[in-house]
Amino acid sequence: MTRSDLLGALGAIVGSAAVVTDAHSLEPHLVDWRREYHGSALAMVCPASTAEVSAVLAACTQAGVCVTPQGGNTGLCAGAIPRDGVLLNLRRMNRIVQVDAEGHAMTVEAGAVLADIQRAARDHGRLFPLSLGAEGSCQIGGNIATNAGGMNVLRYGNTRELVLGLKVVLPDGEVWDGLRSLRKDNRGYDLKQLFIGSEGTLGVITEAVLRLFPQTPQSAVAVVAVPSCAAALELLARLQRRSGNGVSAYELIDRACVDAVARHDAQYRSLLEQATPWYVLLELAGAGPDGALQDLLEQQLGEALEQELVVDAVIAQSLSDAGRLWAMRHLIPEAVRGFASVLRSDIALPAARVADFVEQAQGAVGRMRPTGTVLCFGHLGDGNLHFNVVDADEDRSWVHPLSQALYDLVAEHGGSFSAEHGVGQAKVAELAQYKSAVEMALMRRLKAALDPDNRMNPGKVLAAG
Ligand SMILES: Cc1cc2nc3c(=O)[nH]c(=O)nc-3n(C[C@H](O)[C@H](O)[C@H](O)COP(=O)(O)OP(=O)(O)OC[C@H]3O[C@@H](n4cnc5c(N)ncnc54)[C@H](O)[C@@H]3O)c2cc1C
């Protein structure tokens, strides 16, 4: 099949307006959010239904052309950037199909934007707890394909814990309909788990049944200054105990991040009077009487201040105050973008190892890149840190050796070099280095079983060939 035969066949499936080939329209889809990875594609195809996705994949199989699924293109490992072949963009499949408030379940198409899903749940008196900085543009298919984490993992788990059922188109076009809302189903292997976190390398997710939760109408939000990482962890354990597991988010932010955000947005300059190396943005959420959580938080933070576990605290007095504090947290990735050379990481550690790791990692930065500044933030409640190092110098030769040293340290502490962003094309070498030979062999066998011709998002997660 020639290129123009394939484009004709794809146009006949999705409509010619949904086959994009002009360079100007393609450009934003061929570069990742950080503008570090550039790709190319024969065309971007935008199907409107599972049947169309299936027909597109069958046509690509026949033509021997590879396919890269793309959601909102907010992924941070460039998994959605194609190297060639067809870019399959899910944006037209954005329907909220059904909300079953009584059954605490919701069926959505894969291209539905996360913020729209949260809103639809709210409109039905329910909560869909997945929340992340990119929620205004990332899609649920992308969230599922990356097993996204975000702000509420501490209480509700990763995306994996929020998915009840999936519909998936396999690489040859066959459709697996696993759209179920069952809480219990032990009929053999749980196939949906294979596709969650597979980053578009095993099939295309086209629909999902999501878990909903009761709303938590009461919340209390604060930013606290703490003297150390260890103090932040001790405060978390205490708040968890005393609030009956009511801590829904617990975000660690270092001083340099607060300064970077303040440079970006002046309103955060005088956030807290006491300058300390570490801050925590935390939220308690629940359904108790009005003001009860706020009272509990004030009392707990007062006690922690007396015991010098906390150095300073600002408790949000209104919803808009709380929104302002959260906006500060969401600004951090943006604020980290403006440096000449950057080492980024997304690591997970056992909670008990976080404080030791941070101290040793700071030591490694001091030895290997003394001019570098550490910008560390993350979802401390989940042991997930973004331990970044930035430098004003454009020379990037220090980045790789230092990141290897940090990943070695992560491995020594029993951690992971990829907590929530996945592997994509950015961390293929690290996967091969830090996963065991048995794990790599199993992953390759699974890939070969589902995609024997390696046409689904080749070169992502596993090295091509
Ligand atoms: C400002 C900012 C903040 C962020 N914060 C967080 C955070 O707190 N936690 C977190 O986990 N991530 C975070 N991210 C990363 C990103 O938002 C998530 O990885 C998100 O889940 C990606 O969704 P997407 O729709 O943009 O997917 P894309 O970037 O389009 O794709 C990501 C991967 O999924 C695959 N894919 C997409 N759709 C499908 C589908 N329907 N079927 C099969 N495969 C598919 C792609 O091929 C690719 O490999 C953040 C990103 C930004 C820019």
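Before reading on, note that the structure itself is shown above.
Notes on the structure follow. (Residues numbered from 1 in each chain as written. Predicted model: local features only at pLDDT ≥ 70, side-chain atom pairs only at ≥ 80, totals over all residues. Heavy atoms only, no water.)

### Observations regarding the overall build of the protein chain
Point 1. Across its full length, the protein chain carries 15 helices and 19 strands.
Point 2. Summarising its shape, the C-alpha atoms of the protein chain cover approximately 75 × 55 × 45 Å along the three principal directions.
Point 3. When each of the 465 residues of the protein chain is scored for burial, the buried share is 54%.
Point 4. Entry remark: accessible area of the protein chain is about 19600 Å², with carbon and sulfur atoms responsible for 50%.
Point 5. Here the protein chain contributes 40 positively and 52 negatively charged side chains, and the mean placements of these two sets differ by 4 Å. (Helix = DSSP H or I, 4+ residues; strand = E, 2+ residues; numbered from the N terminus. Buried < 20%, exposed > 50% of the residue type's maximum accessible area, 1.4 Å probe, protein only. Areas by Shrake-Rupley, 256 points an atom, 1.4 Å probe, with all protein chains shown as cover. Lys, Arg positive; Asp, Glu negative; His and termini not counted. Charge placed at Lys NZ, Arg CZ, Asp CG, Glu CD.)

### Some remarks on the site of the ligand
Point 1. Taken together, 35 residues sit near the ligand, with P69, G71, G72, T74 and G75 positioned nearest.
Point 2. Note that an oxygen atom of the ligand is positioned 2.8 Å from one of the backbone N or O atoms of G72.
Point 3. Within the backbone of G75, one N or O atom sits 2.7 Å away from an oxygen atom of the ligand.
Point 4. Protein chains bury 96% of the 970 Å² of accessible surface belonging to the ligand in isolation.
Point 5. Of all the elements, helix α5 (residues 140–146) adds the most residues to the shell around the ligand, at 5 residues. (Near = heavy atom within 4 Å. Polar contact = N/O pair within 3.5 Å; in protein donor to acceptor, adjacent residues only side chain to side chain.)

### Focus on the sheet that holds strand β4 (residues 86–89)
Point 1. Taken together, the 4 strands give an open sheet; going across it, the order is β1-β2-β4-β3, and neighbouring strands pair in mixed fashion. Single-partner strands in this sheet number two, and they are β1 (19–20) and β3 (67–70).
Point 2. Bridging between β3 and β4 involves 4 bridges; their strand directions are parallel. From the neighbouring strand, Q70 faces β4, where its bridge partner is N89.
Point 3. Strands in contact with helix α3 (residues 50–63) are β2 (43–45), β3 and β4; relative to β4, the strand with the most contacts, it is inclined by about 170 degrees. (Pairing = 2+ DSSP bridges. Contact = heavy atoms within 4.5 Å. Axes fitted to C-alpha atoms, helices over the stretch in contact; angles between N-to-C directions.)

### Things to note about the side chain of S198
Point 1. One can find S198 in the loop between α7 (192–195) and β10 (204–211).
Point 2. On the basis of relative accessible area, S198 is assigned to the buried category, the value being 8%.
Point 3. If near-sequence neighbours (up to four positions away) are discounted, S198 is found in contact with A145 and V461.

### Some remarks on the packing of aromatic side chains
Point 1. By the definition in use, this model includes 6 aromatic pairs.
Point 2. Aromatic pair F357 and F387: ring centres 5.9 Å apart, planes at 80 degrees, arrangement edge-to-face. Separated by 30 residues along the polypeptide, F357 in helix α12 (residues 354–368) and F387 in strand β19 (residues 384–391) bring together distant segments of the chain. There is no split in this pair, since F357 and F387 are both buried.
Point 3. Here the aromatic rings of F417 and Y434 are separated by 5.9 Å at their centres, their planes lie at 45 degrees, and the arrangement is tilted. With F417 in the loop between α13 (399–412) and α14 (428–434) and Y434 in helix α14, this pair connects stretches of sequence that are 17 residues apart.
Point 4. Taking the relative accessible area as the measure of exposure, F417 reaches 9% and is therefore buried.
Point 5. Classification of Y434 by relative accessible area gives partly exposed; the value is 24%. (Phe/Tyr/Trp six-rings, centres within 6.5 Å; stacked < 30°, edge-to-face > 60°.)

### A short note on the sheet that holds strand β8 (residues 163–169)
Point 1. One open sheet accounts for 5 strands, arranged β5-β6-β10-β8-β9; its pairing is antiparallel. A strand with exactly one partner marks an edge of an open sheet, and here the two such strands are β5 (96–100) and β9 (175–178). This sheet shows a mean twist of 10 degrees between the axes of neighbouring strands, independent of strand direction.
Point 2. For β5 and strand β6 (residues 105–109), the ladder comprises 4 bridges, and the chain directions are antiparallel. Residue D100 lies in a different strand from β6, and its bridge partner there is A105.

### A look at the pattern of salt bridges
Point 1. As enumerated under the stated definition, the model contains 15 salt bridges in all.
Point 2. A salt bridge links R187 to D185, with the shortest nitrogen-to-oxygen separation between them at 2.7 Å.
Point 3. Where K447 meets D451, a salt bridge forms, and the shortest distance between an N and an O atom there is 2.8 Å.
Point 4. When its relative accessible area of 12% is taken as the criterion, K447 is described as buried.
Point 5. Overall, D451 belongs to the buried group, its relative accessible area being 3%.
Point 6. It is possible to trace a salt-bridge network through shared partners that takes in R180, D185 and R187. (Salt bridge = Lys/Arg side-chain N within 4 Å of Asp/Glu carboxyl O.)

### Describing the nonpolar core
Point 1. L10, L57, F128, I140, I144, L166 and L210 are the most contacted members of the largest nonpolar core, which totals 61 residues.
Point 2. For this core, the two domains that each supply at least three residues are domain 1 (3–89) and domain 2 (96–214).
Point 3. Judged by nonpolar contacts, the second largest core, of 55 residues, contains V224, A232, V247 and Y250. (Core = buried A, V, L, I, M, F, W, Y, C linked by side-chain atoms within 4.5 Å. Domains from an automatic or database assignment.)

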